[in-house]
Amino acid sequence: MVRYINVKSRARTEFIDITDKVQEVLKEAGIVSGICYLYVPHTTAAITVNEGADPSVQRDIQAVLNKLVPFEGDYHHREGNSSAHIKASLVGISETVLVDEGRLVLGTWQSIFFCEFDGPRHRRVALKCLGDKKSS
Ligand code: ZN
């Protein structure tokens, strides 16, 4: 069964920490050891694992992406959101996180971020948790 997390972005570009929501889904799925595959079914959003302790890191990543891929440019796509499409491809639309003892295996400073590049919008993230279930 594929599960979904709903995300509501509030800005044009925004990184939203979804670690707790992913952990909740993992608990519902009852997987104690395995993997959690996360997939963003959108063309102008992405997902990444990076520092969650200092919000400046997310701001810096967004600032550099905006510098690398400006909102306005010599783009052909008529919808006017080519920068968002390009950023989504640069960052990537999937992540795989290991699961052990029913918890996501993340480093002390790591969080899972949904990356909005063409907000604000309602979005979703698909998850497939695979592995050994709790024996009852
Ligand atoms: Zn577009």
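In this text the structure is predicted, and so the values were computed from the model without any measurement. (Residues numbered from 1 in each chain as written. Predicted model: local features only at pLDDT ≥ 70, side-chain atom pairs only at ≥ 80, totals over all residues. Heavy atoms only, no water.)

S.K.: Would you explain the overall build of the protein chain in this entry?
M.R.: A tally of helices and strands in the protein chain yields three helices and eight strands. Listed by position from the N terminus, the elements making up the protein chain come as β-β-α-β-β-α-α-β-β-β-β. Radius of gyration (C-alpha) of the protein chain: 16 Å, near the 14 Å computed for a compact globule of 136 residues. C-alpha atoms of the protein chain, sized along the principal axes, occupy 60 × 30 × 20 Å. Sorting the 136 residues of the protein chain into buried and exposed places 40% on the buried side. (Helix = DSSP H or I, 4+ residues; strand = E, 2+ residues; numbered from the N terminus. Rg over C-alpha atoms; globule rule 2.2 N^0.38 Å. Buried < 20%, exposed > 50% of the residue type's maximum accessible area, 1.4 Å probe, protein only.)

S.K.: Even after reading the chapter, I still don't get the coordination of the zinc ion, so can you show me in this structure?
M.R.: For a metal bound by four donors in a tetrahedral arrangement, the ideal donor-metal-donor angle is 109.5 degrees, while six donors in an octahedral arrangement ideally sit at 90 or 180 degrees. The protein atoms donating to the zinc ion are His 77 (NE2), Glu 79 (OE), Asn 81 (OD1) and His 85 (NE2), with metal-donor distances spanning 1.9 to 2.2 Å. Between the four donor atoms coordinating the zinc ion, the angles at the centre fall across 90 to 150°, so the site counts as irregular. Along the chain, the residues donating to the zinc ion fall in the pattern H-x1-E-x1-N-x3-H. In this structure Glu 79 comes out as exposed when scored by relative accessible area, which is 54%. (Donors = N, O, S within 2.8 Å, 3.2 Å for Na, K, Ca; no water. Tetrahedral: all angles 85-135°; square planar, octahedral: opposite > 155°, others 65-115°.)

S.K.: When you look at the environment of His 77 in this model, what are you seeing that I'm missing?
M.R.: On the secondary structure map, His 77 appears in the loop between helix H2 (55–68) and helix H3 (82–91). Judged by its relative accessible area of 36%, His 77 is partly exposed. With sequence-adjacent residues up to four places away left out, His 77 is seen in contact with Ser 82 and His 85. Here the side chain of His 77 touches Glu 79 through a polar contact of 3.1 Å, side chain to side chain. (Contact = heavy atoms within 4.5 Å. Polar contact = N/O pair within 3.5 Å; in protein donor to acceptor, adjacent residues only side chain to side chain.)

S.K.: Can you help me understand the pattern of salt bridges in this one?
M.R.: Per the stated rule, a full pass over the model turns up three salt bridges. Its salt-bridge partner being Arg 3, residue Glu 28 comes within 3.8 Å of it at the nearest N-O pair. One end of the pair, Glu 28, is in helix H1 (residues 19–29); the other, Arg 3, is in strand S1 (residues 3–8), and 25 residues separate them in sequence. The exposure class of Glu 28 is exposed, given its relative accessible area of 57%. The buried category is assigned to Arg 3, whose relative accessible area is 19%. (Salt bridge = Lys/Arg side-chain N within 4 Å of Asp/Glu carboxyl O.)

S.K.: Which parts of the structure should I look at to understand the side chain of Gln 58?
M.R.: On the secondary structure map, Gln 58 appears in helix H2. The buried category is assigned to Gln 58, whose relative accessible area is 12%. Contact partners of Gln 58, with chain neighbours within four places excluded, come to Phe 15, Glu 51, Gly 52 and Phe 113.

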